[in-house]
Structures are given as structure tokens and as C-alpha cells.
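Geometric and topological summary
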Amino acid sequence: MCGIIGYVGGRPCRELILTGLERLEYRGYDSAGFALLAETGGVVEAVRAVGNLSQLRTAAGLNAGSSATSGVGHTRWATHGRVTTENAHPHTSADGSVLVVMNGIIENYVELRSELQDLGVVFRSDTDTEVIPQMIAREYRGDLAAAVREVLPRLGGHFAFVAAHVDEPDRLVASRRECPLVLGIGDGERFIASAIPAFLRETREVMLIEDDEVISVEAGSHTVWRGDLEIGPRPPQRVDWDEDAAEKGGYETFMLKEIHEQPAALWDTIGDRLKPDGSVELIGLGLDDAALARVERIHVVACGTSYHAGLVGRYLIEDWARVPVHVEVASEYRYRTCLAGPGDLVIGITQSGETADTLAAMRVARERGAHVVALTNIMGSQATRDSDGVLYTRAGLEIGVAATKTHTAQIMALSLFALKLGRLKWALTSAGALDLADELRRVPDVVEAYLESSAPEEVMATAATYADRAFFLYLGRHVGVPVCFEGALKLKEISYIPTEAYPAGEMKHGPIALLEEGSPVVVVATDGHVFDKVVSNIQEVRARGARVIAVATEGNEEIESHADEVLWAPRTPALLSPIAAVIPLQIFAYGLARSRGLNVDQPRNLAKTVTVE
Ligand code: G6P
């Protein structure tokens, strides 16, 4: 969470920093700030404001520091200290000489702060970050990089920060531990930021900063140290991302754009991995076919929407490959007695590759000797470094906080994995695998046809009629369970309406008590072997006066006699229906939140990446 950016170069950088922050706003948006340094030393402009970037722009006005050619910026998602201007970044040392923007957490900040206070240092914020500029200022002897190298070993936790000193305006110094930080290398200029989109319009040459490295960045050069040892230059990598990924491309929101990008995300995730003979090639798992065939047990760890993809993955892997799968939220897994070990496969699903709990759960399993694979969307992310192998989704950059295309791409990647394992385990015949491969290949096409039809508009229109409801119950069975979990999560995330999601068979053990005349109940009732059971559950809730909004497979004529509303989902085989059925629920949540006038791309209190426990 939090986005940081720094610039040093030959151009006026005020607008570069503000635009860069806008590109990072998905990381946090409760407050923001920036500071620009004067060429002759000192701070020429420093502004902080509560709210998102537009509020910062308003607070900053038009031009105060417009000629400055170096500076830092920050967009915050509060962890330590309330959302106030004083707690917004950049933070400065008491004498004003050192400025710092940080993402992450300094876990030993209480101890560091009281040590400094005993020395008479006065603090102005409640944040953990403020200890960093205070410590750097005390160590400073005319060389900012040397001071940062002194301070770094004393910092506990996980963080990325950029520091500036008023006496060295043509230099920024940065470091990271388990939080992302990338250098963007331009012609006579350097960017340093939490993520590549911050500077993608300006340069595509990037260098990833490694844990505990200190980097000094000047307009035309950069120097990296590990401890006191200067490390030789690392060649930059060139990113081929589409810069429009960070734009809305004609859609009213990023979320809507990303919902419509799902066919492409699914096609790309299949890519060349699915062979004409139905075999699947997954390069990068870190396990050859023989080793994969020996896997007897799989654990999946993840958070939020990625966890829901993992739940779908369990059905696929257990059905197609007959290997038992345990799926658990990472924040619980990491603190339980871990029984994974050599011979087990642990899959950490995290689109960002940054979620702290998922990384920690992967680490626990890895320490015990399990083979850990990261299923992620971001190349070079922390999850890819903390694992033995990687399986990438190829969904492209996702900016909307509520995950959509990365979720369906995760399910597709898990389907490919399950198909591969099914073949290796001889649980699928070659004819069976070939059929499944054909079905998988068809999924992006049916999703595309659905999104281009009038169905999404119809879902939005239905959603608008429910905008004033105070509560929704979501039900499903079998693969419909994770779909209803995800549908309910989408709705609560972006519309703030309380939802409860339950396996339909469990409904009579509690949630049914919540139903009143007219209570809306969303039921995932796609075609499959539990369809009739789901219909029975529909009867039970209707008998209590509930209004049923069913998600059903296109062409199912029976459902209309049971439901008050039907949200059609494209036709796929039952086990692949979670991809098809979640899309109408994404659109339902979207339509409902928009008709309540809400900002779906930046829901309150949430952040796209959660790099804190
Ligand atoms: C946050 C986001 C969710 C996401 C979850 C896990 O809560 O708001 O959209 O599903 O983190 O993120 P990850 O990057 O690990 O998939």
C-alpha cells in the first residue's frame, strides 16, 4: 500500500510527480503529498492534503515550484496514524533538512522513536515513517547515501523509501526491504517509484532494486550499495507494457474497462501453453513433469479475491487430477502449525505479488521444505522472488481496486495447471484431456460474445432497481460457492452494502433467519449436477418471501419459473462456470454501486495491494 515516487533530472518535475502519483493512486488514496527541491538547495514547494490526488492538486494550486527538477511524492493508505495532513508524506526531520516518502511498516518504530525522543528529537506526526528522516538527519555528514546506509540496518519491518536532503538537491537516495521499488532510467533523468506505471509514459528502461540495497540516484547516473560495498552496474530491463493500460481507454472507470478486458486476459493466459494435442506446457514452475507427477498434496494460500480463485482451483485440481487440495486464507495459514513439507506443493496466489500475508504464508511453507509456486500477474514481484517457481497470469495491469480480470485469469491459470496435473497423474484419459482443452480454448470466446451482447446492459438495469437495498444474501453450491463468495465480496467492496455469502446447503443453519419479505437473495444456479438442489434452496428462500436473483446458464429455460430476476451467464461446462458466472456478478455489483453514485475504482478504506499484515 502507499505509492512513492521520486524524480531527478533536467526537466521541471512537478507535473511528472503529480501524474506519476495519479498512476499509483490505486495503491492508496486517503491522503497525498509532494515536495520539490530548489536547485540552490532547500525546499521550494511542499504540499500535503487529505483525500485523493485531485484534492492534492487543488491544495497545491498551479505553479509554486514549477521550475524544480527534483522532488518526491506519496499517496497514502494509512497504517500508523490517522488520516490527517500531519500524517501525510513527505515526512521531514525536525530541522527540515531530510525528507522521506515511504511505503510499508517500520516494525520497531516505537523503540526508535523513544530513543530519539530521549535525545530531545521532536516528532510532528504519529507515523512510523517519521523515524527515518529523523535518524538520517542525525547520521548526516554531507553524504546522504552514507547516512542512509548507516540507518538501514536499524530499521525493522518491510518498507521502501526515498530520501532527499535539502543540501543535495540533485540526488535522491532510496532503499527497500520486501516492498517494491523500481528505478526508471531516462535520458539524463531518473525516476524511482513503487511501480512501473508511475513513469511508464516517460521511460521503459527499468531496474529492479533488491532487498536491502541502497541506491543513490542522480540525473545521469545511479550507484548501488549492499552494506558498504558498491555493486557494479546491473543492465536495465525493457518493459513492453502498453502505456494505455494505465488509461481508461474510453470507459467511465478502470473497473468497467477491466471487466471488458477479460477475454483478452483469458486468451493471453492460455497463450501458447495449451498445445493442439491437449497437453499443457507451463514453463517456470521449477518442477519437471516427473517431480510434478509425484506431488501428493497441494496447499493453496491467498487473500481476498485471489483466495476465491484458489477455492475454484480446488474443484478443478481434485476433479481432474485427483490430488487433495487444501485452500486457506494466508493470514490464518501463516500462524497455524504448518504441516506442509518436502514433496508438497504450495501455490501462493497473489495478483500483485505483494500481499504481505500471502508472502509470509509462502515463506513458512518454503522453510518447511515444500515446493512453493507463486501464481501472480506481476513479473519480478516479491512473490516471484520468494518462491521456487512461478505461474503467471497475463491479465495486464489491473488498476481498479476491486479485482476482476486478474481473478478470471487466475482461474484460467489454475485450469491449465489442473489439466496438466490430470494428464501427469493419469487421472484424465488423453481423449478426456483433449475435450477439456477444447472447452478451455472456447471460454475466452464465449466471454467475449457475452460482453458484446446486450446482457451486461440488462444486468446493470436490474442492478439499478436494487440500489436501495440494505442487505444481500448470496448462495451457491459446489463451484457456485466460491462464485457467490466473490460476487458478495465485489458488492460489499464497491457499494458498501452488507452481504452474506453461504453454501446454499448451509443456509438453513443460520442465514435463513435473516430473510424477510422482499429480501434480495442472489443464487448462483448455473447448469451442473447440483442444479436441482439449488432450485430446492431457491424454493426455500422464496417460501420466506425472499426475492431471488438467479445467475443461470444461457439457454436454461427452467430457471425463469423459479427466480424473480435472471442474470444470464455464458454457457461453459460446469467446472469452468466460475469464470462465466462471476462476470454477471461483477457487473451487478458495478451497476449497483454506480447507481448509488459511488467511486468504484477507489472504494473507501480499501487498497489494491495490502503490503501490511
Ligand atoms: C486487496 C485487494 C483485493 C485483492 C486482495 C489480494 O484486498 O483490494 O482486490 O483480492 O488484496 O491481493 P493479491 O494482490 O494478493 O491478489
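Overview of the structure. Sequence positions are assigned chain by chain, starting from 1 and proceeding in written order. Only residues with pLDDT of at least 70 get local features here, since the model is predicted, and only at 80 or more are side-chain atom pairs given and counted; chain-wide, interface and lining totals rely on the full set of residues. In computing side-chain values, all of the structure's heavy atoms are included and hydrogens and water are not.

Considerations on the overall build of the protein
Inclusion rule: Secondary structure elements are taken from DSSP: a helix is a run of H or I of four residues or more, a strand is a run of E of two residues or more, and numbering for both begins at the N terminus. For this measure, only C-alpha atoms enter the radius of gyration; the expected value for a globule follows 2.2 Å times N^0.38, where N is the number of residues. Remark: exposure states derive from per-residue accessible area (1.4 Å probe, protein chains only) relative to the maximum for the residue type, with buried under 20%, exposed over 50%, and partly exposed in between. Note on contacts: a residue pair qualifies if any of its non-hydrogen atoms lie within 4.5 Å across the two residues. Computed with the Shrake-Rupley method and a 1.4 Å probe, the accessible areas treat only the protein chains shown as cover for residues.
Counting secondary structure elements, the protein contains 18 helices and 25 strands. A compact globule built from 613 residues would reach a C-alpha radius of gyration of about 25 Å, and the protein, at 25 Å, matches this within 12%. By its C-alpha atoms, the protein is 75 × 55 × 45 Å across when sized along the principal axes. Expressed as a percentage of the 613 residues in the protein, the buried residues total 61%. For the protein, long-range pairs separated by at least 24 residues make up 70% of all intrachain contacts whose partners lie at least 6 apart in sequence. Summed over all atoms, the accessible surface of the protein reaches about 22600 Å², with 49% contributed by carbon and sulfur.

Description of the nonpolar core
Generally speaking, a soluble globular protein has its nonpolar side chains buried in company with each other. The test is simple: Note on terminology: a nonpolar core comprises buried Ala, Val, Leu, Ile, Met, Phe, Trp, Tyr and Cys residues joined through side-chain atoms within 4.5 Å.
Ranked by size, the top nonpolar core spans 83 residues in total, and within it I298, F417, L419, F472 and F588 carry the most contacts. Considering every element that reaches this core, the biggest residue donor is helix α18 (residues 577–595), with eleven residues. With residues near it in sequence (within four places) discarded, F417 still touches L282, L285, L292, I298, I317, L345, I347 and L391.

Concerning the sheet that holds strand β14 (residues 229–231)
Just so we agree on the cut-off: By this definition, two strands are paired if DSSP reports at least two bridges between them.
The strand order across the open sheet formed by seven strands is β5-β6-β7-β8-β12-β13-β14, and the pairing between neighbours is antiparallel. Whereas interior strands pair on both sides, the edge strands pair on one side only; in this sheet they are β5 (91–92) and β14. In terms of strand pairing, strand β12 (residues 213–218) meets strand β13 (residues 221–226) through six bridges, oriented antiparallel. Looking at the pairing, E218 lines up with S221 of β13.

Some thoughts on the site of the ligand
Spelled out, the test is: Any residue with a heavy atom lying within 4 Å of a molecule or strand is counted as near it. Pairs of N or O atoms are called polar contacts if they sit within 3.5 Å, as long as, within protein, a hydrogen donor faces a hydrogen acceptor (for residues adjacent in sequence, only side-chain-to-side-chain pairs). Residues were grouped as follows: Ala, Val, Leu, Ile, Met, Phe, Trp, Tyr, Cys and Pro as nonpolar; Asp, Glu, Lys and Arg as charged; and all remaining residues, including Gly, as polar.
Neighbouring the ligand are 13 residues, the closest being S306, T350, Q351, S352 and T355. For the ligand, an oxygen atom lies 3.0 Å from a polar atom in the backbone of T305. For the ligand, whose free accessible area comes to 390 Å², the fraction covered by protein is 91%. Of the residues in the shell around the ligand, the class split is five nonpolar, seven polar and one charged.

A word on the packing of aromatic side chains
Filter applied, for reference: Pairing of aromatic rings covers Phe, Tyr and Trp, the last counted by its six-membered ring, and requires centre-to-centre distances within 6.5 Å; plane angles under 30 degrees mean stacked, over 60 mean edge-to-face, and any other angle means tilted. Counted as over-ring charges are cases with an Arg CZ or a Lys NZ within 6 Å of the ring centre that also lie within 35 degrees of the ring normal.
Going through the model one piece at a time under the given rule, you end up with six aromatic pairs. Taken together, a centroid distance of 6.0 Å and an interplanar angle of 80 degrees make the contact between F472 and F588 edge-to-face. Here F588 lies in helix α18 and F472 lies in strand β21 (residues 472–476), a separation of 116 residues in the sequence. With a relative accessible area of 0%, F472 lands in the buried category. Grouped by ring-pair contacts, the aromatic residues Y7, F191 and F199 constitute a single cluster. Sitting over the ring of W225, R149 keeps its end group 4.5 Å from the ring centre. Taking the ring centre of Y315 as reference, the NZ or CZ of R314 above it sits at 5.8 Å.

Side note on helix α7 (residues 262–270)
Using the following cut-off: The directions considered for the arc run from the helix axis to the C-beta atoms.
Restricting attention to buried positions, one finds in α7 the residues Q262, P263, A265, L266, T269 and I270. Buried residues of α7, viewed axially, fall in a sector of 165 degrees; they line one side. Of the surrounding elements, those touching the buried residues of α7 are α6 (254–260), β20 (389–392), α13 (405–424), α14 (430–452) and α18. At the exit of α7 stands G271, carrying a positive phi of roughly 45 degrees.

Brief notes about the sheet that holds strand β4 (residues 70–76)
The following threshold applies: The convention used is that axes are lines fitted to C-alpha atoms, helices contributing only their stretch in contact, and that angles between N-to-C directions extend from 0 to 180 degrees.
The strand order across the open sheet formed by eight strands is β3-β2-β4-β1-β10-β9-β11-β15, and the pairing between neighbours is antiparallel. Edge positions in the sheet fall to β3 (43–50) and β15 (237–238), since each has one partner strand and no second. Contacts between helix α1 (residues 14–24) and the sheet are confined to β1 (3–9), β2 (31–37), β3, β4 and β10 (189–193), with β1 contributing the most and set at about 155 degrees to the helix. On the sheet, helix α2 (residues 53–60) packs against β2, β3 and β4 and is oriented at approximately 135 degrees with respect to β3.

Considerations on the side chain of Q134
The residue Q134 is located in helix α4 (residues 131–139) in this model. A distance of 3.1 Å separates the side chain of Q134 from the side chain of E130, its partner in a polar contact. Ignoring anything within four residues of it in the chain, the contact list for Q134 reads T92, S93, A94, L116, V121, V122 and F123.

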